[in-house]
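Coordinates in review
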Amino acid sequence: MSSRRSRQSGVSRISDDQIIELVSKLRQHLPEIRERRSDKVSASKVLQETCSYIKNLHKEVDDLSERLSQLLSTIDADSAEAAIIRSLIM
Amino acid sequence: MPPPSSLKQEFLKKWMMGLHICSSSKKNMSILERKKAIKLSADIALASARNGTTCWSQAIIVNASQDDQDKILVQHVLGRESERLMKKGSVLPLTSNKRIRSRKILRRSCGSIRRRARKTIATSPPKVVAISIAKKLIRKRTQLLKRLVPGGKFIMDEISLIEETLDYIISLQAQVDVMRSLANAS
């Protein structure tokens, strides 16, 4: 499929395949598009999914930081618990 | 690309290092202050796991170095590499010769709408309108992506932008996984 396209477009085959490979790799990491199993996803759709996915990840990091901050503040007083958690992590 | 589990381990190690430095330098932080410290340590840890090999990681390090307090954290977490990476001029110049051509290839490679549109371009103007709308959408969304990825505004060509985005998403996923495991374990 990709070779057919590159022959028709007349551009160097290496860059064409490279981009297709990158875009398909990108799509594999996007949760929504992966389920759709279609090869004919437009570039703008992939970009849109990517942007909203990155925004979601940013929001999750923010929420988790908030949650961890609250958790750590409660166990700070009890140093024994903090030491246990630290030893589990390290 | 290194396997995800070693990325998570590297991130965890550096993140814990950063957290210890933050908590040792300032006791009794407010919840908001601690949250910012957690998030900052996490981002610096993520960037250091790439050790300046990607544009987004360098951008995070350079941005953090702008602030005097954060700079200390960067220096501790990155160690010997920090001096080199904090220089703004060392941001990888990610221009390439394939600029305009790559944009055309990208649009051609995604979806069959383009090919159908090229064949009928002479006979049906609505398709031409559709293409120009699609082009505008792509341009608009590429700009948005550039703003979301750190250091995206320095990336000139679309191939590098996609590569950076890919690496950034993988790293973010690792970051979220580790943070979530820690939050659930506590």
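About the criteria used
- Residues numbered from 1 in each chain as written.
- Chains lettered and ligands numbered in written order.
- Predicted model: local features only at pLDDT ≥ 70, side-chain atom pairs only at ≥ 80, totals over all residues.
- Heavy atoms only, no water.
- Helix = DSSP H or I, 4+ residues; strand = E, 2+ residues; numbered from the N terminus.
- Buried < 20%, exposed > 50% of the residue type's maximum accessible area, 1.4 Å probe, protein only.
- Contact = heavy atoms within 4.5 Å.
- Areas by Shrake-Rupley, 256 points an atom, 1.4 Å probe, with all protein chains shown as cover.
- Core = buried A, V, L, I, M, F, W, Y, C linked by side-chain atoms within 4.5 Å.
- Phe/Tyr/Trp six-rings, centres within 6.5 Å; stacked < 30°, edge-to-face > 60°.
- Lys, Arg positive; Asp, Glu negative; His and termini not counted.
- Salt bridge = Lys/Arg side-chain N within 4 Å of Asp/Glu carboxyl O.
- UniProt positions renumbered as here; feature names shortened; annotations may be inferred.
- 1 Å grid on protein atoms, 1.4 Å probe; cavity = no way out; pocket = protein on both sides within 12 Å on 5 of 7 lines; lining within 4 Å.
- Points joined across faces, edges and corners; volume = space filled by probe spheres on them.

**Regarding the overall build of chain A**
Assigned secondary structure in chain A consists of five helices and zero strands. For chain A, with 90 residues in total, the buried portion stands at 36%. Pairs at least 24 residues apart make up 9% of the contacts formed inside chain A by residues separated by at least 6 positions. Looking at chain A as shown, the accessible area adds up to about 5,500 Å², and 50% of this sits on carbon and sulfur atoms.

**Some remarks on the nonpolar core**
Counting 56 residues, the largest nonpolar core has I54 of chain A together with F11, W15 and M179 of chain B as the members making the most contacts within it. At 12 residues, the largest contribution of residues to this core is made by helix α9 (residues 158–185) of chain B. Those residues in contact with F11 of chain B that lie beyond four places of it in its chain are A42, A45, L46, Q175, V178 and M179 of chain B.

**What to know about the packing of aromatic side chains**
Residue and element names in this part refer to chain B. Evaluated as defined, the whole model comprises two aromatic pairs over all chains. Residues F11 and W15 carry aromatic rings whose centres are separated by 5.5 Å and whose planes lie at 15° to one another, so their mutual orientation is stacked. Of the two residues, F11 and W15 are both situated in helix α1 (residues 4–25); the distance of four residues between them amounts to about one turn of the helix. Each member of the pair, F11 as well as W15, carries the same accessibility label: buried. Arranged with centres 5.1 Å apart and planes meeting at 55°, the rings of W56 and Y168 form a pair that is tilted. Taken together, the residues W56 in helix α3 (residues 55–65) and Y168 in helix α9 connect sequence positions 112 residues apart. This pair shows no difference in class: W56 is buried, exactly as Y168 is.

**Here's the deal with the side chain of R141 of chain B**
If you trace the backbone, R141 of chain B turns up in helix α8 (residues 125–148). Buried charge R141 of chain B goes without a salt bridge, the closest partner of opposite sign being E49 of chain A at 8.4 Å. The residues touching R141 of chain B, leaving out its near neighbours within four places in the chain, are S44, K45, L47, Q48 and C51 of chain A.

**Focus: the UniProt feature "domain: IBH1-like N-terminal" (unreviewed entry) in chain B**
This chain's UniProt record puts "domain: IBH1-like N-terminal" (unreviewed entry) on residues 5–67 of chain B. Within the segment residues 5–67 of chain B, helix and strand shares are 83% and 0% respectively, and the terminal C-alpha atoms sit 31 Å apart.

**Some words on the layout of surface pockets**
Residues and elements named next belong to chain B. Here the second largest pocket is characterised by a volume of approximately 470 Å³. In terms of lining residues, the second largest pocket is bounded by 14 residues, among which C22, S25, A37, Q69 and D70 are the most central. Elements represented by at least two residues in the lining of the second largest pocket include exactly α1, α2 (31–50) and α4 (68–78).

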